[in-house]
Amino acid sequence: MILSLSETPYAKRLRLIPFQSLGKENGMLLGIRPDVIEICYRDKKQQVKDVVLGIYDRKLSPETTYRALLHTQFLAS
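Criteria and cut-off values
Residues numbered from 1 in each chain as written. Predicted model: local features only at pLDDT ≥ 70, side-chain atom pairs only at ≥ 80, totals over all residues. Heavy atoms only, no water. 1 Å grid on protein atoms, 1.4 Å probe; cavity = no way out; pocket = protein on both sides within 12 Å on 5 of 7 lines; lining within 4 Å. Points joined across faces, edges and corners; volume = space filled by probe spheres on them. Helix = DSSP H or I, 4+ residues; strand = E, 2+ residues; numbered from the N terminus. Nonpolar A, V, L, I, M, F, W, Y, C, P; charged D, E, K, R; others polar. Pairing = 2+ DSSP bridges.

Asks: Please explain the layout of surface pockets as it appears in this structure.
Replies: If a probe as big as a water molecule is rolled over the atoms, it shows which places are left empty. The space that makes up the largest pocket amounts to roughly 580 Å³. For the largest pocket, the lining is made up of 20 residues, of which Leu29, Gly54, Leu60, Ala68 and Leu69 are closest to its centre. For the lining of the largest pocket, the secondary-structure elements that each account for two or more residues are β3 (37-41) and β5 (53-55). Among the residues making up the lining of the largest pocket, the classes are represented as 15 nonpolar, two polar and three charged. A volume near 300 Å³ is recorded for the second largest pocket. Contributing to the lining of the second largest pocket are Phe19, Ser21, Leu22, Lys24, Met28, Leu29, Leu30, Ile55, Tyr56, Asp57 and Arg58. The set of elements that each furnish at least two residues to the lining of the second largest pocket consists of β1 (14-21) and β2 (24-32). Here the element with the most residues in the lining of the second largest pocket is β2; it accounts for four residues. For the lining of the second largest pocket, the per-class residue count stands at seven nonpolar, one polar and three charged.

Here it is, written out as structure tokens:
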């Protein structure tokens, strides 16, 4: 997939993100740098620029209680 996008305008937005987790010491996630994301938390909306979203193709929780992981700095204030 990454190679098929290498000759497109999206190529500069793609990143490979190294990660480590239980059972996976040298993992890599595909990341994309959007223009902006909007986070809705406790009836507040916040727009964030200059961020990379890691794309994971499995469920983060068995009951789909949550569908994303965020750094706590996005939830402050």
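Asks: Hey, could you run me through the pairing of β2 in this one?
Replies: Taken residue by residue, a regular strand's side chains alternate between the two faces of the sheet. Inspection of the sheet shows β1 paired to β2 by seven bridges, in the antiparallel sense. Counted as the bridge partner of arginine 15 is glycine 31 from β2. Taken together, β1 and the strand that follows it, β2, pair antiparallel across an intervening segment of two residues, in which glycine 23 is found at a positive phi of about 80°. In this sheet, β5 lies alongside β2 in antiparallel orientation, the contact comprising three bridges. Each residue of the ladder has a partner; that of leucine 30, found in β5, is isoleucine 55.

Everything listed here is a matter of coordinates, which is why it stays silent on function.
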